[in-house]
Amino acid sequence: EVVIPLSLQRRVEGLLQEHLDRAQLNFGKVGDNSVDSMASSIENVNLDDPDSFLDGSVMEKVLQRRSLKMRDFQRAWQESPEGKQMLEFRKSLPAHKEKDRLLSAIARNQVIVISGETGCGKTTQLPQYILESEIESGRGAFCSIICTQPRRISAMSVAERVSTERGEPLGESVGYKVRLEGVKGKNTHLLFCTSGILLRRLLSDRNLDGITHVFVDEIHERGMNEDFLLIVLKDLLPRRRDLRLILMSATLNAELFSNYFGGAPTIHIPGFTHPVKAHFLEDVLELTGYKLTSFNQVDDYGQDKMWKTQRQLLPRKRKNQITTLVEEALSRSSFESYSSRARDSLSCWTPDCIGFNLIEAVFCHICRKERPGAVLVFMTGWEDISCLRDQVKAHPLLGDPNRVLLLTCHGSMATSEQKLIFEKAPPNVRKIVLATNMAEASITINDIVFVVDCGKAKETTYDALNNTPCLLPSWISQASARQRRGRAGRVQSGECYHLYPRCVYEAFAEYQLPELLRTPLNSLCLQIKSLQLGTIGEFLSAALQPPAPLAVQNAVDFLKMIGALDEKENLSNLGQFLSMLPVDPKLGKMLVMGAIFRCFDPVLTVVAGLSVRDPFLLPQDKKDLAGTAKSRFSAKDYSDHMALVRAYEGWKDAEREGSAYEYCWRNFLSAQTLQAIHSLRKQFNFILKDAGLLETEPSKNNSLSHNQSLVRAIICSGLFPGIASVVHRESSMSFKTMDDGQVLLYANSVNARYQTIPYPWLVFGEKVKVNTVFIRDSTGVSDSILILFGGSLTHGVSAGHLKMLEGYIDFFMDPSLAECFWALRAELDKLLQRK
Ligand code: CDP
Ligand code: MG
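Reading guide: rules and limits
- Residues numbered from 1 in each chain as written.
- Chains lettered and ligands numbered in written order.
- Predicted model: local features only at pLDDT ≥ 70, side-chain atom pairs only at ≥ 80, totals over all residues.
- Helix = DSSP H or I, 4+ residues; strand = E, 2+ residues; numbered from the N terminus.
- Buried ≥ 20, exposed ≤ 12 C-beta atoms within 10 Å, placed from the backbone.
- Pairing = 2+ DSSP bridges.
- pLDDT = per-residue confidence, 0-100.
- Contact = placed C-beta atoms within 7 Å.
- Axes fitted to C-alpha atoms, helices over the stretch in contact; angles between N-to-C directions.
- Near = placed C-beta within 6 Å.
- Nonpolar A, V, L, I, M, F, W, Y, C, P; charged D, E, K, R; others polar.
- UniProt positions renumbered as here; feature names shortened; annotations may be inferred.
- Left-handed = near helix turned anticlockwise from the far one by under 90°.
- Core = buried A, V, L, I, M, F, W, Y, C linked by C-beta atoms within 7 Å.
- Expected span 1.5 Å × (residues − 1).

## Some details on the overall build of the chain
Along the chain, the regular secondary structure elements total 36 helices and 23 strands. Counting the 835 residues in the chain, one finds 45% classified as buried.

In structure tokens:
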């Protein structure tokens, strides 16, 4: 075994750099500058007279005229019958009582922190109060308010709601902007956007010129983007003395944020929620008469005995030990129908271990015995939601659409679907909404009376020591549990069924760990660099709770490895480009490589697929069929990524023929996910074209797309260092990574279906740790691919191989010969095989 000289990879990197240097990198259109109300007012100026729009006084006049129009409209609406009715409703919200106090506090202070229970009117009312008062004072067109939301769906639904409250169509004074979508016009002065969008805007507009107010909403969630925004805004405030920053939180820990901004005043909006009765697992079992059958099967854990043991142990054990203990006990018992599933599925310890059957029992209890009112169920993720949905649909009572309206609510659902969850069910029909924890704080479904809380949320955790990101369902915090419970008390008193024992609740952490402390910082560090915010380490040490130095170092090392940063931490051309792409840097690099090596189309599909989610569905009861269906797309590629490309292309064909629905159904594909992949493809395509990385004629970008090995190589260039070696021993095959040792393949991977894989390596995008490490989608690659495209991996290749490679280097270096690369590769493969 020898060490591969870095120079070898540098050649590939060099080629990449050269292309980037030659491309007309044009970042102008990528960012979002058009919110600026000033610029958009020019349309009223006499364009034949260029001097007129250089004259400040003309601009001033235009804006004044527009402000008066806005005031007329607002007054007319508020006088109209619908307007009056709406105003009545708005006045009933708790935020209304604090309106004057809030407005004057905002006028007097640059930063304020506002807290108040979910539903009290923070998001829909506060930005609107400012807008209204500016309009009323005849300055409406001079203000520009941005309000960030952690999730797309909340930005969209809230904007829609506020424009309705104002009697306007969306895109008039109120608009929204999220990735891939947005509605706003020249008159938009209140914009709801995701925090990611505001960060992106900061890239091209460092001072937020023209913006008068920034609201950062849901800061209690401590999302990474929000924490990042706070550092940047804190830095910006001294430069923009006139800018107002309003932080909003659903919980009471406003102090933390206030202190961060040098003792900014805090205002609490007293709530009006109705009491909610909390039932823990013990009570739920009693209420529903549900028997945890498998407890009896495990000899020494009688049902009662177990809970008793737990309680006795409580004072003696440390809290986290208890959590583990309960977790262990619960999973040991893994209720009958789930034990088999748990064993072979990745989601083995998600709340469904508590049992979908138990959840079903709770639904039946509510439907049969409880008063009217909608049910909101908190689950960990889309997989669980769709499994539960399928199960419930097959149930004799719950599956009857005349009695139960079953809806789902998760981050990636389509807009049309989102609207459904806000609608009332017909009389005598019980609305049940299966949701992820996004329904916890940022969206308000009015008619919820019952909440079912599984106690877990999918949370990325990050182990800096092993540099392994993991997406695992983990226990929520006490604050989250309270928040979930509170969702039941919106319109009347409610009931909450927590599907875990009280002792587990008591062992929950008080608050959730901020995202900044539990995710890899790759994208974030890249953004810090492109915003020119100084040294990464120094900048991040100014965070509310700074991440560990090791985590920062890992990210910097990673960025250096993919060539986004140079040795001195300066942003490279590639890095600059990657920071503009709304995608993980390594996937961004894959896109760029795909463009340069002229196999853009398949790579585009892979990147879009990896940044949306897997379109291959895996229904619990039809796993085998689904697996077979997927493997039909793989032929002998040994690649989940290629299977994705084929499935997408097949879908496009089917769509043209009008048989897309049938195609998806037959192949266990999610049409919705394919649609999302489709729109993301379009967006990436636009950005790369805009940056000058693509030829105008599409076929030129795809002259090598048919070359599977090349596509494989490009996938490898993006996913590296996600590499597992394929170990064949006797008749069995296993997989190993450098960090984790033995790893397993995800059950739905096409590679899990082969007895042998004729490639020495698998590249993969994601690994998930559940007791052992599982790798999800993977693609087989050869030694030569790994050497040329895979960064600095240092084993598995002999000196002989190297010599051969060296011989080809000069040939390879000529960029115009990229096309010939595959002649080279085929040679290489032959040579390597011969040996
Ligand atoms: O932000 P916060 O949780 O404090 O409340 P909000 O989102 O501003 O919602 C205030 C009220 O507006 C809610 O209690 C709902 O009654 C209503 N609302 C609605 O009817 N439809 C929406 N899409 C959003 C809010
Ligand atoms: Mg809100």
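## A closer look at the pairing of strand β20 (residues 761–764)
Successive side chains on a regular strand alternate, one facing one side of the sheet and the next facing the other. Residues Trp-761 and Val-763 of β20 are buried on one face, and the alternating residues Leu-762 and Phe-764, pointing to the opposite face, are buried as well. Direction of pairing for β20 relative to strand β23 (residues 778–781): antiparallel, over a ladder of four bridges. Among the inter-strand pairings, Phe-764 is bridged to a residue of β23, identified as Ser-778.

## Here's the deal with the confidence of the model for the chain
Mean pLDDT for the chain: 77, with 76% of residues reaching 70 or above. The secondary-structure element of the chain with the lowest mean pLDDT is helix α16 (residues 336–344), recorded at 31, while strand β6 (residues 213–216) shows the highest, at 97. This stretch, residues 293–354, has a pLDDT under 50; its non-local contacts, to residues over four places away or in other chains, come to 85 contacts. Across the interfaces of the predicted complex, the ipTM metric reaches 0.99, alongside a pTM of 0.72.

## A short note on the sheet that holds strand β13 (residues 448–453)
The sheet built from six strands is open, its strands ordered β9-β16-β13-β10-β12-β11 with parallel pairing. Looking at strand neighbours, the two that pair on one side only are β9 (276–279) and β11 (404–409), the edges of this open sheet. In this sheet, adjacent strand axes meet at a mean angle of 20° when their direction is disregarded. With six bridges joining them, β11 and strand β12 (residues 430–435) adopt parallel strand pairing. Opposite Thr-408, over in β12, you have Leu-434 as the bridge partner. Packed onto the sheet, helix α18 (residues 382–393) meets β11 and β12 and runs at close to 170° relative to β11.

## Digging into the site of ligand 1
With respect to spatial proximity, 15 residues lie near ligand 1, and among them Gly-119, Lys-122, Thr-123, Thr-124 and Arg-161 are the closest. Of all the elements in the fold, those that place two or more residues in the shell around ligand 1 are α7 (122–136) and α8 (152–165). No other element matches the four residues that α7 contributes to the shell around ligand 1. Among the residues making up the shell around ligand 1, the classes are represented as three nonpolar, ten polar and two charged.

## Remarks on the sheet that holds strand β5 (residues 190–194)
Strand order in this open sheet of eight strands is β4-β3-β5-β2-β6-β7-β1-β8, and the pairing throughout is mixed. Only two strands of the sheet have a single neighbouring strand rather than two, namely β4 (181–183) and β8 (266–269). For this sheet the average axis-to-axis angle between neighbouring strands, irrespective of direction, equals 20°. As paired elements, strand β2 (residues 145–149) and β6 share four bridges and run parallel to each other. Of the residues in β6, the one forming a bridge with Cys-147 is Phe-215. Sitting on the sheet, α8 touches β2, β3 (174–178) and β5, and the angle it makes with β3 is about 170°. Packing against the sheet, helix α10 (residues 224–236) makes contact with β2, β6 and β7 (244–249), and its axis sits at approximately 150° to β6.

## Points about the environment of Val-552
Looking at the element boundaries, Val-552 is found in helix α24 (residues 549–561). C-beta crowding within 10 Å serves as the criterion here: with 23 such atoms nearby, Val-552 is assigned to the buried category. Separated by 16 residues in sequence, Val-552 and Ile-536 place their C-alpha atoms 7.7 Å apart.

## Quick word on helix α9 (residues 195–204)
Most of α9 sits out of view: eight of its ten residues are buried. For α9, the set of buried residues is Ser-195, Gly-196, Ile-197, Leu-198, Leu-199, Arg-200, Arg-201 and Leu-202.

## Looking at the UniProt feature "domain: Helicase ATP-binding" (unreviewed entry) in the chain
Mapped onto this numbering, the UniProt entry annotates "domain: Helicase ATP-binding" (unreviewed entry) at residues 103–270. Helix makes up 39% of residues 103–270 and strand 23%, whereas the separation of the span's terminal C-alpha atoms amounts to 17 Å.

## Here we look at the packing of α9 against α10
A pair of packed helices is captured by two measures, namely the crossing angle of their axes and the spacing between those axes. Two elements in contact, α9 and α10, have axes whose closest approach is 9 Å; the angle formed by their N-to-C orientations is 35°. With respect to the hand of their crossing, α9 and α10 are arranged in left-handed fashion. Taking contact as the criterion, the partners of Ser-195, Gly-196, Leu-198, Leu-199 and Leu-202 in α9 are, on α10, Asn-225, Glu-226, Phe-228, Leu-229 and Val-232. Across the contact of α9 with α10, the residue classes tally to six nonpolar, three polar and one charged.

## Overview of the pairing of strand β19 (residues 741–745)
The pairing of strand β18 (residues 732–737) with β19 spans three bridges and is antiparallel. Counterpart to Phe-735 in the pairing with β19 is Val-743. Two elements, β19 and strand β22 (residues 772–775), share three bridges in a ladder whose sense is parallel. In the strand pairing of β22, Val-743 is matched with Val-773.

## Here's the deal with the packing of helix α29 (residues 640–656) against helix α30 (residues 660–667)
Look at α29 against α30: their axes get within 8 Å of each other, and the N-to-C directions meet at 145°. In contact with Ala-647, Gly-650, Trp-651, Ala-654 and Glu-655 of α29, α30 contributes Ala-660, Tyr-663, Cys-664 and Asn-667.

## Regarding unusual backbone geometry
Generally, phi is negative for residues other than glycine and the peptide bonds are trans, each holding for most cases. Located in the positive-phi region is Leu-208, a residue other than glycine, with phi close to 50°. With respect to the element layout, Leu-208 can be found in the loop between α9 and β6. You can call Leu-208 buried: it has 21 C-beta atoms within 10 Å. Positive phi, normally seen in glycine, also occurs at Asn-428, with a value near 65°. Locating Asn-428 in the fold gives a position in the loop between α19 (415–420) and β12.

## Examining the nonpolar core
Among the nonpolar cores identified, the biggest contains 195 residues, and Val-377, Val-433 and Val-607 are the most heavily contacted of them. Considering every element that reaches this core, the biggest residue donor is α29, with eight residues.

## Observations regarding the environment of Val-183
Relative to the elements of secondary structure, Val-183 occurs in strand β4. The partly exposed category is assigned to Val-183, around which 19 C-beta atoms lie within 10 Å. Considered as a pair, Val-183 and Gly-381 are 198 residues apart in the sequence and their alpha carbons are 28 Å apart. In this structure Val-183 touches Leu-170, Gly-171, Gly-175 and Tyr-176, once residues within four positions along its chain are discounted.

## A few points about α7
When the terminal C-alpha atoms of α7 are compared, their 20 Å separation across 15 residues agrees well with the 21 Å that a helix rising 1.5 Å per residue should span. Across the 15 residues of α7, twelve count as buried, placing the element largely inside the fold. Of all the positions in α7, only Lys-122, Thr-123, Thr-124, Gln-125, Leu-126, Pro-127, Gln-128, Ile-130, Leu-131, Glu-132, Glu-134 and Ile-135 are classed as buried. Note on α7: the residue one or two positions beyond its end, Gly-138, has a positive phi of about 80°.

## Considerations on the environment of Pro-615
Looking at where Pro-615 falls in the secondary structure, it is placed in the loop between α27 (600–611) and α28 (623–631). A residue is classified by how many C-beta atoms lie within 10 Å of it, and Pro-615, with 23 of them, is buried. Expressed as a C-alpha distance, the spacing of Pro-615 and Phe-261, which sit 354 residues apart in the sequence, is 44 Å. Each residue touching Pro-615, except ones within four places of it in the same chain, is listed here: Gly-609, Ala-647, Leu-669, Ser-670, Thr-673, Leu-674 and Ile-677.

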